Amino acid sequence: DIHLDVGTLSQEVTVTEAPPLLERSRTELSFLVDETTVRNLPLNSRRWEDFVLLTPAVVEDGGFGLVSYRGLSGLYNNNLVDGADNNQAFFSESRGRTRPQYAYSLASIKEFQVITQNYSAEFGRAAGGVVNAVTQSAGNDLHGEAFYYFRDDALLAQDPLAKTRGEPKPQERRQQFGGSVGGPLVRNQLFLFGTYDQQARNFPLIVVPADAGFAGACTLPECGPAMDFIRSLLGVRPRRGDQNIVLLKPDWVITPRQRLSGVSNLLRWRSPNGILRDPVLNDAAEAQGRDDVRAEFATLTLQSAPTASAMNEFRFQYGRDFEFQQPNTSGPLLDMTGFRAIRAGMREFLPRTAFPNEKRFQWMDSFTWVRGRHLIKFGADVNYVRDTIIQVFRGGGIYRWRTANDFARDFAGTCPINGGRCYRDFVQAVDPITGEGRGLFSTTDWNFYFQDSVALLPSLLLNVGLRYELQAMPRPARPNPAVPFTATLNNDTNNFAPRVGLAWQPGLLPNLVIRAGYGIFYGRTQNSTIFSHLFQNGISQQAFSFRPTDCAAPLFPNLVFSPPTPLSAPAPGLPVPEVQPPPVGCSVNPSSAVVTTLTPDFANPLVHQADLVAEYRLAEDWTVSASYLMSRGNRLPVFLDSNVGPANGTVSYEIGDANGDLIQTVTLPFYTARREPSLGVIQTGFSVINSWYHALVLEARKRFRHGLQLSTHFTVAKATDNGVLPAAIGTFSSTIVPVDPFNLRREHALSDLDVRRRFVFSAYWELPWKKLTSPTGQLLFSNWKLSAVGQVRDGMPMKAEVIGAPVCAVNGGLTCGSADRFGFPAFIYEAPHIGRNIFQGRRSGRATVDVRVARDFPLDEGRRLEFFWEAFNLLNRTHFTGFNSLAFEFVRPGSAGATTGLTCPASATANGCLFPLPGFLEPERSSTTILGSRQMQFGARFFF
């Protein structure tokens, strides 16, 4: 007998719907980088944030992964993952910075949104853009992938500029592998998703001199041993970059109205000799060291829906970003780039025992309420960050030389002048309090917001909101009594940010949506800048500069102060340095140390944003749009020497041509007096810089359908400011030397981040031959996928600079003691008779094509194997990142220029002559990191 049991009929229906092509409910200017893009477009670094460059109004900011939105520094953006803060407050970059290859596995990221203009009151702590990534989650079915990426120097092209210089081809062997898996622990209730990602990279460094003919400039008998010493440091040295990443994401459906989710990510990065990562360097291995990053975070999110029309979301995060670097040798650093050689010995920024060890605690709560035509949202976000820093910048000391002959004499101990000192200058910093440069402080960001999206009409949506932000500052523990500014740190308490936006869909044109908006946005003051104010104020850390004629100047290679690391030979062949305190009667006055401080009214940057967008649905899957974007920046920071007194005279320069004929006379104010004669440089941060940005963006997008996705946009923009140089807006602080420090309007010019035109194209195409019936056709042509990314942009503006010996009277005569934030005297100045950034670096433009060819091999239902090949900078275009900015040589009356050979007449009434230098704007360095030579890799992915 056959027994049949009564069964049950079960059926599972999955409903998916993409967002509408025209989003009438969106008033901000934002772009979704969806899962199709993340999974299928070529990405050189496997760093998900690099996809941001596919969006409009975004350009690279430097060569280390930062991006600029609307002409603003890349330090004023906000990076979020699953709505939680993913920033490092100390450097104002994403967690882990650019030390590791990437901080999240690409297999963990589902999609992310890039908001470039007029984001709602829910988002803040950013004057630039906001990026919010969403990680993958598990469901009722078991899904996952395994991946393997392989790259070798046999697949890499050599940079054309390096090839012309005879440099060897860099070696490379990179393997990236891992996988992800997600599924139910308890069906319909408890789920778990996890990712493991590992990189094993071997990329030896190549040490070369800045100029292969550096030794030819040495003509003394002592040159043989000195040049042999430098040559012994050249060549190939080992270097690695290894990392491990683990992500876990549990989800628990507590009740139909409550859901609890968690995300944790663990990163370990280890890189012996990897502090500097360019393949070819002018730094010996002895100037390198070990680079380590340990970053981890955990986020817990509770979503509750008390009623059908209300939802509350509470989120807590704990995170740590611990970065530290140890040198290969101790100080001093031998900076021989003055005669185009190399650097050897401990670099000025080492050791970094903790740089930083940053811990973040974040509490967020957001309540959403739907009432009639209103969608009301309000909430709070509290971010507490504690930074521990252990570093004495230039604590190991630095020697610099002008000529190879001077170095050879110091190396041999035969210098006949200045008591046996031929170097140009020596600088060393010391921490008289802790000895190791230890600093501990914390900041708390308080953020509150309210917004209401109301449907005034079925076709008209109005979004209004108000946000309040307060960055609570620490109190200075050891202010400098000689500089009152160091005793205070301003809490900027009036940062109210109103936002208004609308979206209108005209009744006669249902395929058109018009968006407009205006808002005020605030950026954060970097914690590194706060650190400078607290600990580099001339009390906790003191930096001193010595000239060879100073009685306290040491004999090479000795130091004035005990360094933060035990003394040993900085490079093979050098004697072990000794601490050589100043002789009796020749003291080092702490009041001469460089003081870094902020004004009592130093405030957070404020930016006004406005936009007008017209978006039209051209076809079923196509939209086109035209956008006007405007940003007006106020209260941007700049650092100036505030101890410069009013002008006490004028200075004149005769401007000559390449033949030595004088064609113009320029007269400028001359500053030689100190406001406080007993003090030296007081590097002071002011919130006084303004910026302007205007852009027109034309865009066309095709949503993925029928195996094809396309996106392209063209941006025409102009960015200007009155002195926001990279040195002024970067982390920490750095004094700029304007032509006239009391007239910054004179510095108004194109921004350093101005990119006039930029075109971006991306495409993904699943070739339409999947359903071929013949076995041969299936074998050869089915399941192929192609994708490509193309980027073209103009070069950025460049300025003309002046060099001479000495040049302390150049550039408006800012006191001869003008120095950077750690005591190095300035020897290069902005040309006083030419406007800033009037030259366009045409050869600094970008033009890249990246491609990806992949093929799927279906195994059975739900399982497939994919093989792919990727090429980056396919056409192997050289991208220059360094240019000769020296346009003029300063020559005193009655003297001839050391480079030009042109003579300034002794009868000249001016204080000196400026003659044009050859080679101005000629490329000196090409990119070897993000936009390097052509690179290729192979890989495989298994999906189940």
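Cut-off values and rules
Residues numbered from 1 in each chain as written. Predicted model: local features only at pLDDT ≥ 70, side-chain atom pairs only at ≥ 80, totals over all residues. Heavy atoms only, no water. Helix = DSSP H or I, 4+ residues; strand = E, 2+ residues; numbered from the N terminus. 1 Å grid on protein atoms, 1.4 Å probe; cavity = no way out; pocket = protein on both sides within 12 Å on 5 of 7 lines; lining within 4 Å. Points joined across faces, edges and corners; volume = space filled by probe spheres on them. Nonpolar A, V, L, I, M, F, W, Y, C, P; charged D, E, K, R; others polar. Pairing = 2+ DSSP bridges. Axes fitted to C-alpha atoms, helices over the stretch in contact; angles between N-to-C directions. Parallel < 35°, antiparallel > 145°, perpendicular 65-115°, else oblique. Contact = heavy atoms within 4.5 Å. Salt bridge = Lys/Arg side-chain N within 4 Å of Asp/Glu carboxyl O. Buried < 20%, exposed > 50% of the residue type's maximum accessible area, 1.4 Å probe, protein only. pLDDT = per-residue confidence, 0-100. Core = buried A, V, L, I, M, F, W, Y, C linked by side-chain atoms within 4.5 Å. Disulfide = S-S within 2.5 Å. Phe/Tyr/Trp six-rings, centres within 6.5 Å; stacked < 30°, edge-to-face > 60°.

Asker: Which residues make up unusual backbone geometry, and what values go with them?
Answerer: One can expect most non-glycine residues to show negative phi and most peptide bonds to be in trans. The peptide bond linking leucine 350 to proline 351 adopts the cis configuration, its omega dihedral lying at -5 degrees. Among the structural elements, proline 351 can be located in the loop between strand 21 (343–344) and strand 22 (354–371). Between phenylalanine 355 and proline 356 the backbone carries a cis peptide bond, its omega angle lying at -10 degrees. Along the chain, proline 356 turns up in strand 22.

Asker: Lay out empty space enclosed by the protein in plain terms, naming residues and giving numbers.
Answerer: Counted by the stated rule, this structure contains 18 cavities of 30 Å³ or more. Considering only enclosed or pocket space, the largest cavity measures out at about 160 Å³ in volume. In terms of lining, the largest cavity is formed by 15 residues, of which the most central are Asn77, Asn87, Ser92, Arg125 and Arg524. Taken together, the residues of the lining of the largest cavity sort by class into three nonpolar, six polar and six charged. Within this model, the second largest cavity holds a volume of roughly 120 Å³.

Asker: Any details on the sheet that holds strand 14 (residues 235–237)? Residues and values, ideally.
Answerer: Pairing is mixed across the open sheet formed by three strands, whose spatial order is 14-13-17. Looking at strand neighbours, the two that pair on one side only are strand 14 and strand 17 (280–281), the edges of this open sheet. As defined by bridge partners, strand 13 (residues 205–207) adjoins strand 14 across three bridges and the pair is classed as antiparallel. Residue pairing for strand 14: isoleucine 206 is matched across the bridge by valine 236.

Asker: Residue-level account of the packing of helix 3 (residues 223–231) against helix 4 (residues 404–412), with values.
Answerer: Contact geometry for helix 3 and helix 4: axes closest at 8 Å, N-to-C directions at 100 degrees. The angle between the axes of helix 3 and helix 4 places the two elements in the roughly perpendicular class. Contacts between helix 3 and helix 4 involve Cys223, Pro225, Ala226, Met227, Phe229 and Ile230 from the first element and Ala404, Asn405, Phe407, Ala408 and Phe411 from the second.

Asker: Which residues make up the sheet that holds strand 24 (residues 398–400), and what are the values?
Answerer: An order of 21-20-24-25-30 is seen for the five strands of this open sheet, with the pairing classed as mixed. Single-partner strands in this sheet number two, and they are strand 21 and strand 30 (542–546).

Asker: I'd love a proper account of the pattern of salt bridges, names of residues and values included.
Answerer: With the rule as written, the count across this model stands at 47 salt bridges. For the salt bridge of glutamate 172 with arginine 201, the shortest nitrogen-to-oxygen distance reads 2.9 Å. Taken as a pair, glutamate 172 in the loop between helix 2 (160–164) and strand 11 (173–186) and arginine 201 in strand 12 (residues 190–202) lie far apart in primary sequence, 29 residues in all. We classify arginine 201 as buried; its relative accessible area is 11%. Among the charged side chains, a network of salt bridges with common partners joins Lys785, Arg852, Asp856, Arg864, Glu866, Glu870 and Arg941.

Asker: Could you give an account of the environment of glycine 379, naming the residues involved and the relevant values?
Answerer: The topology assignment puts glycine 379 in strand 23 (residues 374–390). Residue glycine 379 is classed as buried on the basis of its relative accessible area of 14%. Ignoring anything within four residues of it in the chain, the contact list for glycine 379 reads Asp365, Ser366, Asn447, Phe448 and Tyr449.

Asker: Now, about the confidence of the model for the chain: what can you tell me, with residues and values included?
Answerer: With 92% of its residues at a pLDDT of 70 or more, the chain has an overall mean of 87. Here helix 6 (residues 726–729) is the element of the chain with the lowest mean pLDDT, 46, and strand 12 is the one with the highest, 97. Under a pLDDT of 50 for its full length, residues 805–826 has, in the predicted model, 87 contacts with residues more than four places off or in other chains.

Asker: Give a description of helix 5 (residues 527–535) that names residues and reports values.
Answerer: Burial runs high along helix 5: nine of the nine residues are buried. Within helix 5, burial applies to Asn527, Ser528, Thr529, Ile530, Phe531, Ser532, His533, Leu534 and Phe535. Residues of helix 5 that are buried make contact with strand 23, strand 26 (438–457), strand 27 (460–472), strand 31 (595–598) and strand 33 (622–641).

Asker: Could you give me a rundown of the nonpolar core, with the residues and numbers involved?
Answerer: Residues Met227, Ile230, Met336, Phe339, Trp401 and Phe407 are the most contacted members of the largest nonpolar core, which totals 37 residues. At the level of secondary structure, the elements contributing two or more residues to this core comprise helix 3, helix 4, strand 25 (425–430) and strand 30. Here this core gets five residues from one element, more than from any other, and that element is helix 3. Val81, Ala103, Leu247 and Phe297 belong to the second-largest nonpolar core, a separate cluster that totals 36 residues.

Asker: So what's going on with the state of the cysteines? Which residues, and what values?
Answerer: All told, the structure shown has four disulfides when counted by the stated rule. Two residues, cysteine 551 and cysteine 586, share a disulfide whose sulfurs are 1.7 Å apart. Residues cysteine 551 and cysteine 586 are joined by a disulfide whose S-S torsion is about 95 degrees; by sign, that bridge is right-handed. Placement of cysteine 551 in the loop between strand 30 and strand 31 and of cysteine 586 in the loop between strand 30 and strand 31 is noted, with a sequence separation of 35 residues between them. Residue cysteine 551 is classed as partly exposed on the basis of its relative accessible area, which comes to 49%.

Asker: Hey, could you go over the packing of aromatic side chains for me, with residue numbers and the actual values?
Answerer: Note on aromatic pairs: each is described by the distance of the centres and the angle between the planes. Counted under the stated rule, the structure contains 33 aromatic pairs. Note on phenylalanine 90 and phenylalanine 531: the rings are 6.0 Å apart at their centroids and 65 degrees apart in plane angle, and the pair reads as edge-to-face. In this pair, phenylalanine 90 is assigned in the loop between strand 6 (87–88) and strand 7 (93–94) and phenylalanine 531 in helix 5, connecting sequence segments 441 residues apart. Each member of the pair, phenylalanine 90 as well as phenylalanine 531, is classed as buried.

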